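Close look at the chain arrangement
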Amino acid sequence: MPKDLTLGEHLRRQGISRRGFLKFCAATASMMAMPPGMIPVVAAALEKARRPSVVYLSFQECTGCLESLTRSHSPSVEGLIFDAISLDYQHTLQACAGHFAEHIREEIIKQHPGEYLVLVDGSIPLKDGGQYSTIAGMTNLAILEETAAHAAAVISIGTCASFGGIPKAHPNPTGAVPVTDIVKNKPVINVPGCPPIPTVITGVLAHYLTFGTIPELDDFGRPLAFYGDTIHDRCYRRPFYDQGKFAKTFDDEGARKGWCLFELGCKGPTTYNACATTKWNQGTSFPIESGHPCLGCSEPDFWDAGSFYEALSAPAADVSKWAGAAIAAGAVAGAGIGLKSMRKRKEAAQAHDPVTVDDLKT
Ligand code: SF4
Ligand code: SF4
């Protein structure tokens, strides 16, 4: 897609009708957890939107976040959104390497100051001069500082970039830190998850593309539209929790009947993420629906918290109170990001109905 085309023009070139475009806008509004009344506003904004240049930096990571984003089997709304940005630098996906690749990154900084987006996955090692992860002879710290300095905003993709993740887990041999420990003078949006949900990543990009602003964030810098509710708030097994019906093992009668996984270690009551509503694999399912407890992967230090298969220490009836205390403690730790209510703001966070390019053409 040439950069001078608007998104509306680009979609028309792909053969997408006006009706298809409105479907795309409805799906985008849904991705951003907006009510249907916002669809005309989204349509008007997207019609005129021009795709931003994006530099995607990968540091201490496992490539799972990028896998999450790129693994869909058919063209999807996520795919269209990625077509609507200009992904100009990404180690795993780009064809060029070495000096050519770095030259592209430097040119984006020079040619689009204050306009381009920086996406980061992975944590940044600071110990021993940052020598544990370098690219083109530069430490991750140096690349991040240089690239973020003239960016419009930074989006931390995944728990490693958002909170340090597994590289920062005890004993943190590389001195790993999250992006927010380095970038202090730019808006930073955290999109945690190990990996994060692709629809959530693209929902954040869609918000920026549509409105040119960052979405409303919670105390940990996470978009409230996707991280405003706990998994537990939206879990389809919640009626069993409320009735006190818990699976005791993974193969007992309760497990077969789909009872609550709290006693098998589910961290859903203390975990803010959209898995129970957006789901995974184009809305197919999510871990609890497949019979596995939530591990709490979108929360800070989830790996060190461990005890994945042990019930939360508070009695079941007190879990929501316990979660509230944990959030209050987190609010202190997250001071500076801006205190906002952790409670749900978007009742419209309905289940995501995946839309493909083919759907849009019908
Ligand atoms: S404890 Fe876990 S399985 Fe049970 S209702 Fe809450 S989120 Fe769902
Ligand atoms: S269910 Fe929990 S552990 Fe699983 S992906 Fe969602 S937030 Fe992470």
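Before reading on, note that the structure itself is shown above.
Per chain, residues are indexed from 1 in the order of the written sequence. Throughout, the order in which chains and ligands are written sets their labels, letters from A for the former and numbers from 1 for the latter. Only residues with pLDDT of 70 or above have their local features reported here, since the model is predicted, and side-chain atom pairs are shown and tallied only from 80 upward, although totals for entire chains, interfaces and linings are computed over all residues. Based on all heavy atoms of the structure, the side-chain values leave hydrogens and waters out of the count.

As for the packing of helix α2 (residues 18-31) against helix α3 (residues 39-48)
The axes are straight lines fitted to the C-alpha atoms, using for helices just the contacting stretch, and the angles between their N-to-C directions are given from 0 to 180°. Helix and strand definitions here come from DSSP, where helices need a minimum of 4 consecutive H or I residues and strands a minimum of 2 consecutive E residues; each element is numbered from the N-terminal end. Closest axis-to-axis distance for the α2/α3 pair is 9 Å, and the angle between their directions is 110°. By the angle between their axes, α2 is roughly perpendicular relative to α3. As for the relative orientation of α2 and α3, their crossing is right-handed in sense. On α3, the residues touching R18, F21, L22, F24, C25, A26, T28 and A29 of α2 are I39, V42, A43, L46 and E47. Residues are grouped as follows: Ala, Val, Leu, Ile, Met, Phe, Trp, Tyr, Cys and Pro are nonpolar; Asp, Glu, Lys and Arg are charged; every other residue, Gly included, is polar. For the contact of α2 with α3, a count of residues per class yields 10 nonpolar, 1 polar and 2 charged. Here is the rule for angles: anything less than 35 degrees is roughly parallel, anything more than 145 is roughly antiparallel, 65 through 115 is roughly perpendicular, and the remaining ranges are oblique. Crossing handedness follows the turn of the near helix against the far one: under a right angle anticlockwise gives a left-handed crossing, and clockwise gives a right-handed one. Any two residues whose heavy atoms approach within 4.5 Å are treated as being in contact.

Description of the packing of aromatic side chains
Any two rings among Phe, Tyr and Trp, with Trp reduced to its six-membered ring, count as a pair given centres within 6.5 Å; such a pair is stacked if its planes are under 30 degrees apart, edge-to-face if over 60, and tilted if neither. Applying the stated criterion across every chain, the model contains 10 aromatic pairs. Arranged with centres 6.2 Å apart and planes meeting at 75°, the rings of Y236 and F286 form a pair that is edge-to-face. Placement of the pair is Y236 in the loop between α12 (231-234) and α13 (238-243) and F286 in the loop between α15 (275-278) and α16 (302-305), with a sequence separation of 50 residues. A centroid spacing of 6.5 Å and a plane angle of 40° characterise the contact between F240 and W259, whose relative ring orientation is tilted.

Considering the pattern of salt bridges
Salt bridges are defined as contacts in which a side-chain nitrogen from Lys or Arg sits within 4 Å of a carboxyl oxygen from Asp or Glu. Scanning all chains against the criterion turns up 13 salt bridges. The closest approach of N and O atoms between R12 and E47, which form a salt bridge, is 3.0 Å. With a gap of 35 residues between them, R12 in helix α1 (residues 7-13) and E47 in helix α3 connect regions that are remote in the sequence. Given a relative accessible area of 47%, R12 falls into the partly exposed group. Among the salt bridges present, the one from R18 reaches E47, with a minimum N-O distance of 3.7 Å. Burial classification: accessible surface area is computed with a 1.4 Å probe over protein chains only, and a residue below 20% of its type maximum counts as buried, one above 50% as exposed, and the rest as partly exposed.

Concerning helix α7 (residues 140-148)
Every buried residue of α7 is accounted for by N140, I143, L144, T147 and A148. Each buried residue of α7 lies within a common arc of 110° when the element is viewed along its axis, so the set occupies one face. Taken from the helix axis, the directions to the C-beta atoms give the arc we talk about.

Points about unusual backbone geometry
At the junction of H170 and P171, the peptide bond is cis and its omega measures out at 10° in the coordinates. Along the chain, P171 falls in the loop between α9 (165-168) and β8 (176-177). The omega torsion across C194 and P195 is 5°, close enough to zero to call that bond cis. One non-glycine residue with positive phi stands out, namely D128, at about 55°. By secondary structure assignment, the location of D128 is in the loop between β4 (124-125) and β5 (134-135). The residue D301 is not glycine, and still its phi comes out positive at about 55°. Its location among the elements puts D301 in the loop between α15 and α16. When its relative accessible area of 40% is taken as the criterion, D301 is described as partly exposed.

Notes on the sheet that holds strand β9 (residues 188-191)
One open sheet holds the 5 strands; their spatial order is β2-β1-β3-β7-β9, and the pairing between them is parallel. Because the sheet does not close on itself, it has two edges, and the strands there are β2 (86-90) and β9. Mean inter-strand twist for the sheet, computed between neighbouring axes without regard to direction, equals 20°. DSSP calls a pair of strands paired once it identifies at least 2 bridges connecting them. Of the pairings in the sheet, the one linking strand β1 (residues 53-58) to β2 comprises 4 bridges and is parallel in character. Residue V55 lies in a different strand from β2, and its bridge partner there is Y89.

With respect to the nonpolar core
If you look at the biggest cluster of nonpolar residues, it comprises 40 residues, and the most contacted ones within it are L119, I155, V191, L205 and I288. At the level of elements, β1, α4 (64-70), β3 (117-121), β7 (153-157), β9, α10 (198-211), α11 (224-227) and α15 are the ones that each hand at least two residues to this core. Top element by residues in this core is α10. It accounts for 5 residues. Setting aside chain neighbours within four positions, we find I288 in contact with I231, C235, Y236, R237, L261, C266, P293 and C294. Counting residues in each nonpolar core, the second largest holds 23 residues, with Y116, V120, A148 and V177 among its members. Side-chain atoms within 4.5 Å are what join buried Ala, Val, Leu, Ile, Met, Phe, Trp, Tyr and Cys residues into a set we call a nonpolar core.

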